[in-house]
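Chain by chain, the residues:
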Amino acid sequence: MKKKVIAVMLAAAMVVGVTACGGGSAEPAPTPGIDDAAETTEGGEAPADDAAADSAAPAASGEGKILSVQIGPNPETIDPALNSAVDGGNMILHTFECLLTVDQEGKLAPGQAETWETSEDGLTWTFHLRDGLKWSDGSALTANDFVYSWRRVCDPMVAAPYAETVLGMVEGFDDAIGGNLEALGVEAPDDSTLVVHLSSPCSYFGSLAAFATLSPVQQATIDANGDGWAVAADTYICNGSFYISEWVPGSYIMCTKNPNYWNADAIKLDGIKFNLIEDPNASYSAYQTGEVLFIKDVPTEEIPSLTGNEEFHVDPIIGTYYLSLNTQREPFNDPKVRKALSLAIDREYVANTLMQGTYSPASNFMGPGWIDTDGSQFMDNANGGQPYIDTTNHEANVEEAKQLLADAGYPDGAGFPAITYSTNDAGYHKVVAEYLQQAWSEIGVELQVDIVEWASFTPMRRNGDYDASRNGWVGDYSDPSNMLDLLYSSNGNNDGKFNNADYDAAMDISRTTLDAKERSEALHKAEDILMNEAACIPVAYYNDFWLQSSKITNMWHSAYGYWYFMYADIAE
């Protein structure tokens, strides 16, 4: 009965949307992430040489071929070491370049490193940098910059959330994360060679070498500006295809073509203007008027009218929309309670009705697109080939949820404290929050909703300042460890503070074993524990949806939730 009320509310919102551009927005995080600080060197006004200064003028004044886009509001951070959100990651993708990159086919390709090789035992990776690499200020970039940058990711004073994920397999990591940064097994025998020593083989380390957290950052800039280096245009020294020439917080970030980029001749745009718009209605209006040619945040109320429009795109990505429960707070420290809250959710209704079929109902934590060690779909081999949650039998799930709550000491919800659900107001998040109020009330749980501004939302969640919260993760690479690592006890992105010795042990085996079958079994065991303990609550599998003008050519979208604008052009 209450479901019908929610559906009627959603339908009414759609009608309003047709006449008045009603509100909502596409998923702006995780994550990646999904999900901030920092600045300049001497001569740090990017870029410093004459050619760079000439290049800066067109974009800064809005002249030249400028691609105007919207991919999110003010990012929490665009410091590569600190970012864990898709919107910030997309900006970093255009301003920084790692040793390796990912091409249009999703395959690894040369980046700052022109070639690389791996030792026979898989423990030593050697990267050979291109000749003549430069920072955006025109100064030389060498292999030692990567040594500094990777050590910085391990620095406990920096507290990079991805540190363990991207460098945990490198020799000396445990000592480095404890403060002895020089113990990390990375070295630069000369200016153009970076050698990485692993403590155990890592078949996907090439993907990590292409991941934004391991971008090089300029030590002189950070030494001179501390955590302020990454918050202003004149101190944001980078090495990618574009640099930041103008930054107006809450309005836009203007990126200008970097003439010092090794492949600058292939860049056709003079600049990319990232419009920092949080209100999806404003984004949609800007798109309709032609002020922007691309928007990620499409008002959900407009989706029915956009279906069939050639400029409206829906594309699958690897990732899961899930809920985090703060396991350090009662009553969420009881797995029975967590599982009851999970089973009370009708995922088919959420994905197909509330989310209008743009997402898919999640029966597992690990959804489509994650690849097992034998090359098959990880999901197909999970739980004996059966879904962990039967999303087609909601009535039975609710009965089990009621029994679990009773077993936890809360029959029909008696004595269960009122709880708060935190979310940012974008996309389907608010509608889902309202649905959770209804769904959990059916098992006797009272829920209050707290809407949090995006810039404050991810730090709040990471710090554990919540009861229950919207969360989500889009894969950075297709190895299942990328998402399963999130629930490892010491992982910087473990927002629910889940701590389970058996889970950690399974993940430890997956990190160290040389046997593909044993590694697969360990990863599946980890997901078994995660789902049995309801370490988090998977709700739906992601798809990206956006509006893109037909004038944009030669750009692409990846399965990891990123848009590659750097080689794009604008047709007249």
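Residues numbered from 1 in each chain as written. Predicted model: local features only at pLDDT ≥ 70, side-chain atom pairs only at ≥ 80, totals over all residues. Heavy atoms only, no water.

(A) Inspection of the overall build of the protein at higher detail. The helix and strand inventory of the protein stands at 18 helices and 21 strands. The 572 residues of the protein split such that 59% are buried. Split by element, the accessible area of the protein, about 20800 Å² in all, is 47% carbon and sulfur. (Helix = DSSP H or I, 4+ residues; strand = E, 2+ residues; numbered from the N terminus. Buried < 20%, exposed > 50% of the residue type's maximum accessible area, 1.4 Å probe, protein only. Areas by Shrake-Rupley, 256 points an atom, 1.4 Å probe, with all protein chains shown as cover.)

(B) Main features of helix α14 (residues 429-441). Helix length check: α14, at 13 residues, gives a terminal C-alpha distance of 18 Å against a target of 18 Å (1.5 Å per residue), a fit within 8%. Turning to α14, its buried residues number three or more, namely His429, Val431, Val432, Ala433, Tyr435, Leu436, Gln438, Ala439 and Trp440. (Expected span 1.5 Å × (residues − 1).)

(C) Expanded view of unusual backbone geometry. Of note, the bond from Glu330 into Pro331 is cis; its omega dihedral lies within 30 degrees of zero at 0 degrees. Within the fold, Pro331 resides in the loop between β12 (312-325) and α11 (335-343). A positive phi angle, near 50 degrees, is found at Ala534, a position not held by glycine. Relative to the helices and strands, Ala534 is located in the loop between α18 (516-533) and β17 (537-548).

(D) Just the pattern of salt bridges, in detail. Scanning the model with the defined rule gives 13 salt bridges in all. Residues Arg519 and Asp479 are paired through a salt bridge, measuring 2.9 Å at the closest nitrogen-oxygen approach. Highlighted residues: Arg519 in helix α18 and Asp479 in the loop between β16 (468-474) and α16 (481-484), separated in sequence by 40 residues. Across the pair, exposure class does not vary: Arg519 and Asp479 are buried alike. (Salt bridge = Lys/Arg side-chain N within 4 Å of Asp/Glu carboxyl O.)

(E) Structural view of the side chain of Asn90. Looking at the secondary structure, you find Asn90 in helix α3 (residues 86-95). Classification of Asn90 by relative accessible area gives buried; the value is 0%. Apart from residues lying up to four places away in sequence, Asn90 is in contact with Ile71, Gly561, Tyr562 and Trp563. (Contact = heavy atoms within 4.5 Å.)

(F) Up close: the pairing of β17. Burial of β17 is extensive: 12 of the 12 residues sit out of reach of the surface. Pairing of strand β11 (residues 294-295) with β17, which is carried by two bridges, proceeds in the antiparallel orientation. Considered in β17, the bridge of Ile295 is made with Leu547. In this sheet, β17 lies alongside β12 in antiparallel orientation, the contact comprising nine bridges. By the bridge assignment for β17, Phe312 is matched with Leu547. Relative to β17, strand β13 (residues 360-361) runs antiparallel, the two sharing two bridges. Residue pairing in the sheet places Ser360 in a bridge with Tyr541 of β17. (Pairing = 2+ DSSP bridges.)

(G) View of the sheet that holds strand β6 (residues 186-190). Here we have four strands laid out as an open sheet, ordered β4-β5-β7-β6, and antiparallel in their pairing. Strand pairing shows two members of the sheet lacking a second neighbour, β4 (113-118) and β6, which therefore form its edges. The sheet shows a mean angle of 20 degrees between the axes of neighbouring strands, taken without regard to direction. As judged from the five bridges shared by β4 and strand β5 (residues 124-129), these two strands associate in the antiparallel manner. Opposite Glu117, over in β5, you have Thr126 as the bridge partner. Running at roughly 170 degrees to β6, helix α4 (residues 143-154) makes contact with β5, β6 and β7 (193-197) of the sheet. (Axes fitted to C-alpha atoms, helices over the stretch in contact; angles between N-to-C directions.)

(H) How the structure looks around the packing of aromatic side chains. Under the defined criterion, the tally for this structure stands at 27 aromatic pairs. Ring geometry for Trp556 versus Tyr564: centroids 4.9 Å apart, planes at 10 degrees, classification stacked. For the pair Trp556 and Tyr564, one class covers both residues: buried. Site record: aromatic cluster; members linked through ring pairs are Phe312, Tyr321, Tyr359, Tyr428, Tyr542 and Phe545. Its guanidinium or amino end placed over the ring of Trp262, Arg130 lies 3.4 Å from that ring's centre, counting from NZ or CZ. (Phe/Tyr/Trp six-rings, centres within 6.5 Å; stacked < 30°, edge-to-face > 60°. Lys NZ or Arg CZ within 6 Å of the ring centre and 35° of its normal.)

(I) Main features of the packing of helix α12 (residues 347-354) against α14. Two numbers describe how α12 lies on α14: the axes approach to 11 Å, and their chain directions differ by 145 degrees. Helix-helix and strand crossings are classified by hand; for α12 and α14 the assignment is right-handed. Every residue of α14 that contacts α12 at Tyr349, Val350 and Leu354 is listed here: Val431, Val432 and Tyr435. Here the residues of the contact of α12 with α14 sort into six nonpolar, no polar and no charged. (Left-handed = near helix turned anticlockwise from the far one by under 90°. Nonpolar A, V, L, I, M, F, W, Y, C, P; charged D, E, K, R; others polar.)

(J) Local environment of a negative patch on the surface. A cluster of acidic residues, Glu278, Asp279, Asp425 and Glu453, forms a negative patch at the surface. As for its placement among the helices and strands, Asp279 is situated in the loop between β10 (271-276) and α9 (280-289). (Patch = residues over 30% accessible without salt bridge, like charges linked within 9 Å, V, L, I, M, F, W, Y side chains within 5 Å. Lys, Arg positive; Asp, Glu negative; His and termini not counted. Charge placed at Lys NZ, Arg CZ, Asp CG, Glu CD.)

(K) Structural view of the environment of Cys255. Locating Cys255 in the fold gives a position in strand β9 (residues 252-257). Among the residues examined, Cys255 registers a relative accessible area of 2% and is labelled buried. In this structure the C-alpha to C-alpha distance between Cys255 and Leu67, which are 188 residues apart in sequence, comes to 9.7 Å.

(L) View of α12. Within α12, the full set of buried residues consists of Arg347, Tyr349, Val350, Ala351 and Leu354. Looking at where α12 begins, the residue whose side-chain oxygen comes 3.3 Å from the main-chain nitrogen of Glu348 is Asp346. Where α12 ends, the next residue or the one after it, Gln356, has phi of about 55 degrees, a positive value. (Polar contact = N/O pair within 3.5 Å; in protein donor to acceptor, adjacent residues only side chain to side chain.)

(M) Region of interest: the nonpolar core. Among the nonpolar cores identified, the biggest contains 166 residues, and Trp150, Phe205, Phe365 and Trp440 are the most heavily contacted of them. Judged by nonpolar contacts, the second largest core, of six residues, contains Trp454, Phe457, Met460 and Tyr466. (Core = buried A, V, L, I, M, F, W, Y, C linked by side-chain atoms within 4.5 Å.)

(N) Summary view of the side chain of Asn275. Secondary-structure assignment places Asn275 in strand β10. Its relative accessible area of 4% is what places Asn275 among the buried residues. A polar contact is formed between the side chain of Asn275 and the side chain of Ser68, at a distance of 2.8 Å. Beyond its immediate chain neighbours, meaning those up to four positions away, Asn275 contacts Ser68, Val69, Gln70, Ile71, Gly72, Ser251, Tyr252 and Val292.

In short, shape yes, function no, at least from these values alone.
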